[in-house]
Amino acid sequence: MKTELIHSYSTASLSALAKSDSSLSLSAEFHPGGYSSSPQPPETKSSNLDLAKAVAREWWVKTARRKTIERKFPMIRWLPNYSTDKLVSDIVAGFTVGLTILPQGLAYAQVAGLPPQYGLYSGFVGCFVYILLGGTAEVTIGPTAIMSIITYTYTHGKPPAFSVILCFITGVVTLLMGAFQLGFIVNFISTPVNSGFTSAAAITICSTQIKGLLGLKFAAEGFLPTIKGAIQHIYEVRLSDSILSLICIISLLVLMKLQLLLRFVTNRIPILNQPLWFISTARNAIIVIVCTAVAAGIGPSQPFSIVGHIVPGLPEFASPPFTIQDPATNVTYSFTDILQEEASALVVLPLLSIMEHITIAKAFARPENPIDASQEMLSIGISNIIGSFFSSMPITGSFSRTTVNAMSGAKSPLGGLVTGAMVILALRFLTPYFYYIPKASLAAVIVCAVIFMVDLDVIKPMWRSKKMEFVPWSLTFIVSLFVGLEWGMMTGFIISVVYLLYYAAKPGVKVKKGYTSCGNEFLLVELDRSITFPSLEYIKYVISKSSISWGKNKLPMVVDCNHVQFLDYTAANGLKDVVQQFKKRRQPIVMYKMKSSIIRTLVGAMPAPENLESDDAGFRICRSESELEQFIDAITCSISR
């Protein structure tokens, strides 16, 4: 048998699926004359109570298995092999991360529009929870720049309690998504959408720090309002804050590349590598400590804008505020009011926390210990839920601190114990010393932390590889930057889903003219993927048009189903209509290489089996090329006679 291409209806075909026949067996068989059904064994009856007991017993057996328990509590897996050397490595890594999270926590609270202590309140619960539930050695959970700026969009101008209840809601939604294995939803956010959103978020975060960098004071939210406000108040710029922020930014960038700049020294004196690395890693803490010491040395008459009083001590352990009173407006919000007012946060914050965390976890996962997305979602959810009892804002995995943790030689999540303890000790004993922290130094820390998140490197290869991908990137970037980050994320998510639906509705279909060994003609329609309800009308149109245009409603039509792995009821019902149309005009139609499971679905949508037992069953199943040629030759001879 040979074929020649007549027309290809789509160049956007997916990769070929497995070519092997399904291993599923049919309870019905197709014979040359039609269809016959084999008897089914009678179903055994059992009481509802016995069924419930069986289900409960099966659930308990699966849950109580050692492998399942280890998957839910990964600590059980690595703790028996824990050693003193690993403990030393984890203590060093935890201490280094602690030096990073202290200035970052204070700075990210400022990004979220919250008092500085809330950044530290958010910095210790995730460290402890991840020790028990975390699946990777390097990931650290806590406040992040993106979660902070998104929190700011929902809590701007509102009491800090709103951020706490958002933390609780984020935890509950994320926990439920993990429990119901819904981590695949994040896969609907494509790389261009993720890149566009992250770049816009980084620029937005940097723009919000203009006030801290220049010592300005004005009310503004978002990228454009902040830029406009800075221009309008340009004559109010404080020279001292501007100079300090410039010095801090330059110092941070120099310290970041310290090892590279002093490579000629370390090549001669290798022992300096480790101290220089530590100085580079702890640069945020060093800059903030030095600036604070300078400001404290100046005394009460400050030339800088400083953080001021920070509520000392640990946060009170209390349930999340399900009822919030805004002292500014004297309005009381019930939990229902909060859900209605922050409706989009129910989707945006959990999605962002999952996306950010899973991306980081996959980047640092080891081949022998792959990431369990649902387990990571459980750890995020529980961290946020427990954190909300300690006045935390929404948290997730931090890329910058995870990188520091990995570079510090972390061997297990136990380093989080040291990190969390450092945050608690800072809250307990160091908050009075935070009074003189210059806001310009915190703003510089934020800018240097997020500016490298602007992902412009992806544009050129994306444009070179597939120009259409530039559409979701640019739309997500523009909407996020100029309308709002939450709307940008939703726009990107919708665009990703629309792309998938478009490709699902427009499968790759090739129409070929085939010839048997005897020279008899037939039309061959090749499908490159499964048939589902979005693509049904398109496939019906192609088959019908091909039959009219190239088959003259006479040539046998062969539908190659080799790549069809799935068929839903709507599609099966549509194929039934196609078969009936061919049957009415007495034009043969053949389902070629259709798998057993697909046959079962198609037959289920057909008329009663007894109507298919006759010779004019409406369609034919051919599993091999020889069987197909034999049928085409036979049907052609019968038509010619």
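Each chain has its residues counted from 1, following the order in which its sequence is written. This being a predicted model, a pLDDT of at least 70 is required before a residue's local features are given, and a value of 80 or more before pairs of side-chain atoms are given or counted; all residues contribute to the totals for chains, interfaces and linings. Remark: hydrogens and water are excluded; side-chain values derive from all non-hydrogen atoms of the structure.

(A) Local environment of the environment of Ile-531. Mapping Ile-531 onto the fold places it in the loop between strand E9 (521–527) and helix H26 (533–549). By definition in these notes, contact holds between two residues if any of their heavy atoms fall within 4.5 Å. If we skip the residues at most four places from it in the chain, Ile-531 touches Ile-539, Val-564, Phe-566, Leu-567, Asp-568, Ala-571 and Leu-575. Strands here are runs of E lasting at least two residues and helices are runs of H or I lasting at least four, both read from the DSSP assignment and numbered beginning at the N terminus.

(B) Layout of the pairing of strand E11 (residues 589–592). Exposed residues in this analysis have more than 50% of their type's maximum accessible area, buried residues have under 20%, and partly exposed residues fall in between, with area computed by a 1.4 Å probe over protein chains only. Neither face of E11 is open: one carries Ile-589 and Met-591, the other Val-590 and Tyr-592, and all of them are buried. In this analysis, strands are considered paired if DSSP registers two or more bridges between them. Taken together, the four bridges between strand E10 (residues 557–560) and E11 define a ladder with parallel strand orientation. Across the sheet, the residue bridging to Met-557 is Ile-589, located in E11. In this fold, E10 hands off to helix H27 (residues 569–584), which returns the chain to E11; that crossover is right-handed. As paired strands, E11 and strand E12 (residues 620–622) are joined by three bridges and run parallel to one another. By the bridge assignment for E12, Val-590 is matched with Arg-620. Call a crossover right-handed when, viewed with both strands pointing away from you, the route from the first strand across the helix to the second goes clockwise.

(C) Main features of helix H22 (residues 439–450). Helix length check: H22, at 12 residues, gives a terminal C-alpha distance of 17 Å against a target of 16 Å (1.5 Å per residue), a fit within 8%. Burial analysis of H22 places 10 of its 12 residues in the buried class, which makes it a mostly covered element. Within H22, the full set of buried residues consists of Ala-440, Ser-441, Leu-442, Ala-443, Ala-444, Val-445, Ile-446, Val-447, Cys-448 and Val-450. Buried residues belonging to H22 abut helix H4 (84–111), helix H7 (145–155), helix H9 (191–208), helix H10 (210–214), helix H12 (239–256) and helix H16 (283–298). Here a helix's expected span is defined as the number of its residues, less one, multiplied by 1.5 Å.

(D) Just the nonpolar core, in detail. Residues belong to a common nonpolar core when they are buried Ala, Val, Leu, Ile, Met, Phe, Trp, Tyr or Cys residues joined through side-chain atoms within 4.5 Å. Ile-150 and Leu-352 are the most contacted members of the largest nonpolar core, which has 73 residues in total. Top element by residues in this core is H22. It accounts for nine residues. Among residues more than four places away in sequence, those in contact with Leu-352 are Ile-146, Met-147, Ile-150, Phe-197 and Met-489. Core analysis: the next-biggest nonpolar cluster, separate from the first, contains 34 residues, Ile-539, Leu-555, Val-578 and Met-606 among them.

(E) Broad picture of the pairing of E10. Going residue by residue along E10, you find Met-557 and Val-559 tucked away on one face and Val-558 and Asp-560 tucked away on the opposite face as well. The pairing of E9 with E10 spans four bridges and is parallel. Bridge pairing in E10 links Leu-524 to Val-558.

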